[in-house]
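# An overview of the molecular structure
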Amino acid sequence: MPDAHPKHPTIPASAGVGLKPVHYETILSERPDIGWFEVHAENYMGAGGPPHRYLEKIRASYPLSIHGVGLSLGGDEPPDPDHMARLCRLVDRYEPGLVSEHLAWSRHDGSFLNDLLPIPYTRERLARLCEHVDRLQSALKRTVAIENPSTYVAFDAEDMSETDFLSTLTQRTGCALLLDVNNVYVSAVNHGWDAASYIAAFPMESVAEIHLAGHAPDTDDFGAPLLIDAHDRAVADPVWRLFNDVLSRTGPRPTLIEWDNDVPDWSVLYDEAVRANALLAEALGTDVKAMSHAG
Amino acid sequence: MPDELQSAFAAALCDPDLPPPAPVRSSGKRRFDVYRNNRAVALIDVLADIFPVVQRLVGEEFFRAAARIFIDTDPPRDPVLLTYGAGFGDFLDDFEPAATVPYLGDVACLEWARRDAYHGPDAHSVTIDTLADFPADRLGQAQLTLLPTLHLLRSRFPVGSIWAGVEGVDMKRGEDVAVLRPDMRVETTVLTPGAYGFLSALQDGAPLGAAAQAAAEDSAEFDLAANLQGVFALGAVIGITDRC
Ligand SMILES: [Fe+2]
């Protein structure tokens, strides 16, 4: 059989957006100038029907990233082999430029809990996570990117910080990282961390992809700010600033606008991507300048 | 080794009366509640997406309350939520507060069939011309392979008309309904008398002759020629083989 997706093997270091069914028709008729699309793997694990028909057509014209939300890599049990096999089939079929999953757990005792749940950053957890990431990368025969979470509770008796945990994960497994800048901001506010220090400590050389999303403000029982990673609105200004800070360290990287709830018209989503592209272009400029100075 | 932290975390997630496990730094109720809400709201939204007519019939508030109880009694086991909600119709049949809307469970079964057909396997329908190539003297032995997305529903209520929003329908008249996806569009059709028996027999693998007999037993009004036309017109047939 001929290669179904000979074009677009890799994801460009420009803005992409999360692909939503309400935008299928607009994308196919308008062919917008957008770098790439990302889908949630589990939404395309049905046997057939319109989701696959549309994704085939869109994949023929754009690079694609596949983002898993159900493998529960941070769980106490190894990732479900059947689910991993389904992900392998999806990756074989659509040949994505990037495959990513989460630093989280969502399965317990045969039950799927349908949320990205937090784990304490202990040596024992890290060993287990490394083993699960190894299994996934061997099954897929490729590197995956693991995303930093947004969290609402903290654990007592942890051995290390989130950034140390992720650094060691990449060293031991060779995995890449997906840096969700909104998650950094949400967790920093929720736990009183300094977001700039988090970014300074993050292993930027491993970042294969960046996520940007909107969050919802709330408060906890004591009136302290509690931000919810809602993906239901535009990216907030402090997150754009933090993104700029990240870009000054990484240079341009594939950057996704995630908007999963209260999904707006295509033009609104597209404008967010345009805004990200402007910052990515600036980052490219600085990179070039820095290099010519060095030369 | 069983993981106590995750067991206790999962239990507290699904039961708001249980406290979060000890390693979670105590910081009031609202922080842990974010996880409880994320899980429940997302699952209720999944169900609201599959069952819009059920929601229209009972109102959003009732629907979401019923859905919340459903996710407690039948929580998902598979991270692929495309398959979640299959049991919602049966749940509504036994759901006491919905007893005044006795057809609600059947409407849910119809909407589930539409969901399942939407994501089901693709297959190409054949036209009735294919039958012309079949030896006429062996037609009774012809085996019709039906679309993998074909769902047949029999209700003691006019479930297809209720689903379609037809007004002034006789609530005491039952309906048989076929749901199928011949191409990319899911079709929902109220069947004529006998067609349910005919299609059910074909779906069970009966050859044409035996299926026609079963249909005649199902309804005295069954008309084979009209139903053969109808079954092919629906796009329900994907192949014909000789069963000898
Ligand atoms: Fe993200």
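Quick notes on the rules
- Numbering of residues starts from 1 in every chain and runs along the sequence as written.
- A letter from A marks each chain and a number from 1 marks each ligand, given out in the order of writing.
- Thresholds applied to this predicted model are a pLDDT of at least 70 for local features of residues and 80 or more for the giving and counting of side-chain atom pairs; totals over whole chains, interfaces and linings are not thresholded and use all residues.
- By convention in this description, side-chain values take in all heavy atoms of the structure and omit both hydrogens and water.
- Going along the chain from the N terminus, every DSSP run of H or I of four or more residues is numbered as a helix, and every run of E of two or more is numbered as a strand.
- As defined in this context, the radius of gyration uses C-alpha atoms, and a globule is described by 2.2 Å times the residue total to the power 0.38.
- Burial classification: accessible surface area is computed with a 1.4 Å probe over protein chains only, and a residue below 20% of its type maximum counts as buried, one above 50% as exposed, and the rest as partly exposed.
- Residue contacts follow a heavy-atom distance rule, with two residues in contact if any of their heavy atoms lie within 4.5 Å.
- All accessible-area figures derive from a Shrake-Rupley calculation using a 1.4 Å probe, and residue coverage is judged against the displayed protein chains alone.
- Each metal's donors are the N, O and S atoms within 2.8 Å of it, or within 3.2 Å when it is Na, K or Ca, and because water is not part of the set, sites may look incomplete.
- Every geometry call rests on angle ranges, with four donors termed tetrahedral when all angles are between 85 and 135 degrees, four termed square planar and six termed octahedral when opposite donors are over 155 degrees apart and all others are between 65 and 115, and everything else termed irregular.
- We call a set of buried Ala, Val, Leu, Ile, Met, Phe, Trp, Tyr and Cys residues a nonpolar core when their side-chain atoms join them within 4.5 Å.
- Here a salt bridge means any side-chain nitrogen of Lys or Arg lying within 4 Å of a carboxyl oxygen belonging to Asp or Glu.
- Pairs were defined over the aromatic rings of Phe, Tyr and Trp, the Trp ring being its six-membered one, requiring ring centres within 6.5 Å. Orientation was assigned from the angle between planes: stacked under 30 degrees, edge-to-face over 60, tilted for the rest.
- Once two parts are put together, the accessible area they lose, assessed with a 1.4 Å probe and summed over both, is termed the buried area.
- What pLDDT conveys is the predictor's confidence in a given residue, as a value from 0 to 100.
- As used in this structure description, the phrase polar contact means that two N or O atoms lie within 3.5 Å; if the pair is within protein, one of them must be able to donate a hydrogen and the other to accept it, and residues adjacent in sequence are counted only when both atoms belong to side chains.
- Each residue after the first adds 1.5 Å to the expected span of a helix.
- What the arc measures is the spread of directions leading from the helix axis to the C-beta atoms.
- Here the bounds of each domain stem from an automatic or database domain assignment.
- Just so you know the grouping, Ala, Val, Leu, Ile, Met, Phe, Trp, Tyr, Cys and Pro go in nonpolar, Asp, Glu, Lys and Arg go in charged, and all remaining residues, Gly too, go in polar.

Secondary structure summary: chain A contains 9 helices and 12 strands in total. Over its C-alpha atoms chain A spans a radius of gyration of 19 Å, differing by no more than 12% from the 19 Å that the globule rule assigns to 295 residues. Buried positions account for 59% of the 295 residues belonging to chain A. Excluding contacts between residues fewer than 6 apart, the proportion of contacts in chain A whose partners are at least 24 apart in sequence is 80%. Entry remark: accessible area of chain A is about 11,600 Å², with carbon and sulfur atoms responsible for 52%.

Let us look at the coordination of the iron ion. Residues and elements named next belong to chain A. Donor atoms from the polypeptide that bind the iron ion are Glu-147 (OE), Asp-180 (OD), His-211 (ND1) and Glu-258 (OE), placed at 2.0 to 2.4 Å. Around the iron ion sit 4 donor atoms, and with donor-metal-donor angles ranging over 83 to 167 degrees the site reads as irregular. Summarised as a motif, the one-chain spacing of the donors to the iron ion is E-x32-D-x30-H-x46-E. Separated by 78 residues along the polypeptide, Asp-180 in strand β8 (residues 176-180) and Glu-258 in strand β12 (residues 255-258) bring together distant segments of the chain. Here the two residues Asp-180 and Glu-258 agree in accessibility, since each one is buried.

Right, let's talk about the nonpolar core for a bit. Residue and element names in this part refer to chain A. Within the largest apolar cluster, 96 residues are counted, with the highest numbers of intra-cluster contacts made by Phe-37 and Phe-243. Ranked by residues supplied to this core, first place goes to helix α9 (residues 266-294) with 7 residues. Among all residues touching Phe-243, those that are not within four sequence positions of it are Val-181, Ile-210, Leu-212, Thr-255, Ala-276, Leu-279 and Leu-280.

For the rest of this paragraph, the subject is the pattern of salt bridges. One pass over the full model with this rule turns up 24 salt bridges over all chains. Between Lys-20 of chain A and Asp-260 of chain A there is a salt bridge, with the nearest N and O atoms lying 2.9 Å from each other. In this pair, Lys-20 of chain A is assigned in the loop between β1 (15-18) and α1 (24-30) and Asp-260 of chain A in the loop between β12 and α9, connecting sequence segments 240 residues apart. A relative accessible area of 12% places Lys-20 of chain A in the buried class. Via salt bridges that share partners, Glu-124, Arg-125 and Arg-128 of chain A together with Asp-3 of chain B belong to a single interconnected network.

This next bit is on the packing of aromatic side chains. Taken as a whole and assessed by the stated rule, the structure comprises 23 aromatic pairs over all chains. Centroid distance Tyr-121 of chain A to Phe-165 of chain A: 4.7 Å. Interplanar angle 45 degrees. Geometry classified as tilted. Separated by 44 residues along the polypeptide, Tyr-121 of chain A in the loop between β6 (111-117) and α4 (123-140) and Phe-165 of chain A in helix α5 (residues 162-173) bring together distant segments of the chain. Residue classification places Phe-165 of chain A among the buried residues on the basis of a relative accessible area of 0%. Between the aromatic rings of Tyr-152 of chain A and Tyr-35 of chain B, the centroid separation amounts to 5.2 Å while the plane-to-plane angle is 65 degrees, which identifies the pairing as edge-to-face. In this pair, Tyr-152 of chain A is assigned in the loop between β7 (145-147) and α5 and Tyr-35 of chain B in helix α2 (residues 30-50), connecting two distinct chains. The exposure class of Tyr-35 of chain B is buried, given its relative accessible area of 1%.

Listed per partner, the contact involves 39 residues of chain B and 50 residues of chain A. Across the interface of chain B and chain A, roughly 3,900 Å² is buried in total on both sides, 55% from carbon and sulfur atoms. Across the chain B-chain A interface, the total number found is 7 salt bridges. Of the charged contacts, one joins Asp-183 of chain B and Arg-53 of chain A as a salt bridge, the two residues approaching to 3.7 Å between their closest N and O atoms. Elements that contribute at least two residues to the side of chain B that touches chain A include exactly α1 (4-14), α2 and α6 (104-119) of chain B. Ranked by residue count, the leading element in the side of chain B that touches chain A is α2 of chain B, at 9 residues.

Attention now goes to the confidence of the model for chain A. Put simply, chain A has an average pLDDT of 94, and 94% of its residues get 70 or more. Scored below 50 in pLDDT, residues 288-295 of chain A shows 0 contacts in the model against residues more than four places distant or in partner chains.

Turning our attention to the side chain of Asp-33 of chain B. Residue and element names in this part refer to chain B. Looking at where Asp-33 falls in the secondary structure, it is placed in helix α2. You can call Asp-33 buried: its relative accessible area is 18%. Among the polar contacts made by the side chain of Asp-33, one reaches the side chain of Lys-29 at a distance of 3.0 Å.

Here we take up the environment of His-124 of chain B. Residue and element names in this part refer to chain B. Turning to its location among the elements, His-124 is positioned in the loop between α6 and α7 (129-132). Separated by 59 residues in sequence, His-124 and Asp-183 place their C-alpha atoms 7.4 Å apart. Setting aside residues no more than four positions away along its own chain, His-124 makes contact with Val-237 and Ile-238.

Here the focus is helix α8 (residues 237-250) of chain A. Residues and elements named next belong to chain A. For α8, with 14 residues, the first-to-last C-alpha span of 20 Å sits near the 20 Å given by 1.5 Å per residue. Taken residue by residue, α8 has Val-239, Trp-240, Leu-242, Phe-243, Val-246, Leu-247 and Thr-250 as its buried positions. Buried residues along α8 cover an arc of 160 degrees about the axis, so they all sit on one side. The outward face of α8, more than 90 degrees from its buried face, is lined by the exposed residues Arg-241 and Ser-248. Two residues or fewer after α8 comes Gly-251, characterised by a positive phi angle close to 75 degrees.

Okay, the domain arrangement of chain B next. Residue and element names in this part refer to chain B. Domains assigned within chain B are domain 1 (1-119) and domain 2 (121-244). Just the C-alpha atoms count here: the centres of domain 1 and domain 2 sit 34 Å apart. Taken together, the contacts link 16 residues of domain 1 with 19 residues of domain 2. Broken down residue by residue, the surface that domain 1 buries against domain 2 is led by Leu-110, Arg-114 and Ala-117, which jointly contribute 39%. Where domain 1 packs against domain 2, one counts 0 salt bridges. Where the side of domain 1 that touches domain 2 is concerned, the elements lending two or more residues are α3 (52-58) and α6. Of all the elements, α6 adds the most residues to the side of domain 1 that touches domain 2, at 11 residues. Here the residues of the side of domain 1 that touches domain 2 sort into 10 nonpolar, 1 polar and 5 charged.

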